[in-house]
Amino acid sequence: MTLPAPTVLVFLDPAFENGRVADSSQPQLMATDLGATRGDGVFESLLAVGGKARKMQAHLNRLGSSARALDLNIPEQDTWRRAIGTAIAEFREAYPAPSPAEDEVVVKLLVTRGVEGAASPTCWIQASPSPAGSRRQRETGIDVVLLDRGFDTEASERAPWLLLGAKTLSYAVNMAALRYAHKQGADDAIFTSTDGRVLEGPTSTVLLAHVETLDDGAGSARTVKRLITPQLDSGILPGTSQDALFAKAKAAGWELGYGPLIPDDLFDADAVWLISSIRLIAPVNHIDGKEIGTPALRKQLTAELNELFAGIE
Ligand code: PLP
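Model, not experiment: these values are computed from the prediction. (Residues numbered from 1 in each chain as written. Predicted model: local features only at pLDDT ≥ 70, side-chain atom pairs only at ≥ 80, totals over all residues. Heavy atoms only, no water.)

**Here's the deal with the overall build of the protein**
A tally of regular secondary structure across the protein gives nine helices and 14 strands. By the compact-globule yardstick of 20 Å for 313 residues, the protein fits well, its C-alpha radius of gyration being 20 Å. Based on the C-alpha atoms only, the size of the protein along its principal axes is roughly 70 × 45 × 40 Å. Sequence-distant contacts, at least 24 apart, represent 70% of the contacts inside the protein between residues at least 6 apart. Carbon and sulfur atoms provide 52% of the accessible area of the protein, an area that totals close to 15,400 Å². (Helix = DSSP H or I, 4+ residues; strand = E, 2+ residues; numbered from the N terminus. Rg over C-alpha atoms; globule rule 2.2 N^0.38 Å. Contact = heavy atoms within 4.5 Å. Areas by Shrake-Rupley, 256 points an atom, 1.4 Å probe, with all protein chains shown as cover.)

In structure tokens:
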């Protein structure tokens, strides 16, 4: 028998101000819950480092906008905050980190439409360890393949019921894309649209950098660094990590840009990254077998972005 992974569950329950802790080794959902039968719901994943949730407000805001896109009426943000606090504290007490550097907890906020005919959604927090593989990929970098996402960049506006900018529980397509990438020997994927634009990873935002040294004509040189991400209204999930990193990068003197991007922009970049709340910044070594930039510049720029990103609350 395999042991269940260390997990803490905290349900949002009006009878429990700080959330109701539930036994993760026991069934906790009704088999008729619409989250289980239809994938009808929304979620968020955030990282707690040293017991503190990163970008809490941004995640709560995005949970709210995803819920609105699905007409789900969810509890107010303070209720979520208290339950998140309970989940992180319970997890760290039950499963203390072996060292401060490993004190990372993955916190998922989950909402389903509830059981058929229910008046209110089912809401809970799941706390679990951060995957060692993700932490490794921050260091080693990843190889990715480009995969067709099957819609064009106008689809989200033309067909809002596709819920393209919402973080819904229907992630089977994203997980299938990851498995497909693994079968090709890659670590991850970057989706492209049918009109040839770069979109996002199955669980991450795409970033690229260009570094240029400009001669000012008076004998000295100036280095311009540009950080670019696909345009946000192209049917992708607006990333909380990208948003927070852009703010830090701007303050540090980087120029910022928002698509549209085509695959050649990735191949021509000095560095490409997949960025997300749990794995953080993963440098892309190869796309479809082609090396991106040079290892030395990739390493230098990744270190720079990691330093900026570490300062995010
Ligand atoms: N795009 C998709 C499809 C995602 O699932 C995620 C995160 O899980 C992201 C982008 C990155 O979002 P964030 O930086 O808020 O984690």
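Next, the rest of the story.
**Regarding the sheet that holds strand 2 (residues 16–22)**
Think of a sheet as strands paired side by side through backbone hydrogen bonds, with each pair either parallel or antiparallel. The six strands lie next to each other as 2-1-6-5-3-4, forming an open sheet whose pairing is antiparallel. Two strands in the sheet have a free side with no partner beyond their single neighbour: strand 2 and strand 4 (52–53). Bridge count for strand 3 (residues 41–49) against strand 4 is two bridges, and the pairing is antiparallel. Residue pairing for strand 4: Val-49 is matched across the bridge by Lys-52. Where helix 3 (residues 77–94) meets the sheet, its contacts fall on strand 1 (8–13), strand 2, strand 3, strand 4, strand 5 (104–112) and strand 6 (122–129), and the angle it forms with strand 6 comes to roughly 30°. (Pairing = 2+ DSSP bridges. Axes fitted to C-alpha atoms, helices over the stretch in contact; angles between N-to-C directions.)

**With respect to the domain arrangement of the protein**
For the protein, the assigned domains read domain 1 (8–130) and domain 2 (136–310). The centre of domain 1, based on its C-alpha atoms, is set 27 Å off from the matching centre of domain 2. At the junction of the two partners, domain 1 supplies 23 residues and domain 2 supplies 19 residues. Approximately 1,600 Å² of surface area, both sides summed, lies buried where domain 1 meets domain 2, with 65% of it carried by carbon and sulfur atoms. The largest contributions to the domain 1 side of the interface with domain 2 come from Phe-43, Lys-55 and Arg-62, which together make up 36% of the buried area. A salt bridge links Glu-104 to Arg-138, with the nearest nitrogen and oxygen atoms 3.2 Å apart. Our enumeration of links across domain 1 and domain 2 arrives at eleven residue pairs in polar contact (both at pLDDT 80 or more). Elements that contribute at least two residues to the side of domain 1 that touches domain 2 include exactly helix 1 (34–38), strand 3, helix 2 (56–69) and strand 5. Here the side of domain 1 that touches domain 2 is built from residues that sort into ten nonpolar, seven polar and six charged. (Domains from an automatic or database assignment. Buried area = accessible area lost by both parts, 1.4 Å probe. Salt bridge = Lys/Arg side-chain N within 4 Å of Asp/Glu carboxyl O. Polar contact = N/O pair within 3.5 Å; in protein donor to acceptor, adjacent residues only side chain to side chain. Nonpolar A, V, L, I, M, F, W, Y, C, P; charged D, E, K, R; others polar.)

**Overview of the site of the ligand**
Every one of the 16 residues lining the ligand counts as a neighbour, but Lys-167, Tyr-171, Thr-240, Ser-241 and Ser-277 are closest to it. In this structure, an oxygen atom belonging to the ligand sits 2.8 Å away from a side-chain N or O atom of Arg-62. Note that an oxygen atom of the ligand is positioned 2.6 Å from one of the side-chain N or O atoms of Thr-240. The protein chains hide 95% of the 390 Å² of surface that the ligand would expose on its own. Listed by contribution, the elements that provide at least two residues to the shell around the ligand are helix 7 (240–251) and strand 12 (271–276). (Near = heavy atom within 4 Å.)

**Examining a negative patch on the surface**
A cluster of acidic residues, Glu-154, Glu-157, Asp-195 and Asp-233, forms a negative patch at the surface. Of note, Glu-154 is situated in the loop between strand 7 (142–148) and helix 5 (155–158). (Patch = residues over 30% accessible without salt bridge, like charges linked within 9 Å, V, L, I, M, F, W, Y side chains within 5 Å. Lys, Arg positive; Asp, Glu negative; His and termini not counted. Charge placed at Lys NZ, Arg CZ, Asp CG, Glu CD.)

**Side note on the nonpolar core**
If you look at the biggest cluster of nonpolar residues, it comprises 27 residues, and the most contacted ones within it are Val-42, Trp-80, Ile-84, Val-107, Leu-109, Val-111 and Ile-125. Where this core is concerned, the elements lending two or more residues are strand 1, strand 3, helix 2, helix 3, strand 5 and strand 6. Looking at this core element by element, the count peaks at six residues for helix 3. Every residue in contact with Ile-125, bar those within four places of it in the chain, is listed here: Val-8, Leu-9, Val-10, Leu-12, Trp-80, Ala-83, Ile-84, Ala-87, Val-107, Lys-108 and Leu-109. By size, the runner-up hydrophobic cluster in this structure holds 21 residues, among which are Leu-227, Ala-271, Ile-275 and Leu-301. (Core = buried A, V, L, I, M, F, W, Y, C linked by side-chain atoms within 4.5 Å. Buried < 20%, exposed > 50% of the residue type's maximum accessible area, 1.4 Å probe, protein only.)

**With respect to the pairing of strand 9 (residues 205–215)**
One ladder, built from five bridges, connects strand 9 with strand 12; its direction is antiparallel. If you follow Leu-208 over to strand 12, its bridge partner there is Val-272. Of the pairings in the sheet, the one linking strand 9 to strand 10 (residues 221–229) comprises eight bridges and is antiparallel in character. Bridge pairing in strand 10 places Leu-208 opposite Ile-228. The loop that links strand 9 with its antiparallel partner strand 10 comprises five residues; one of these, Gly-217, has a positive phi angle of about 85°.

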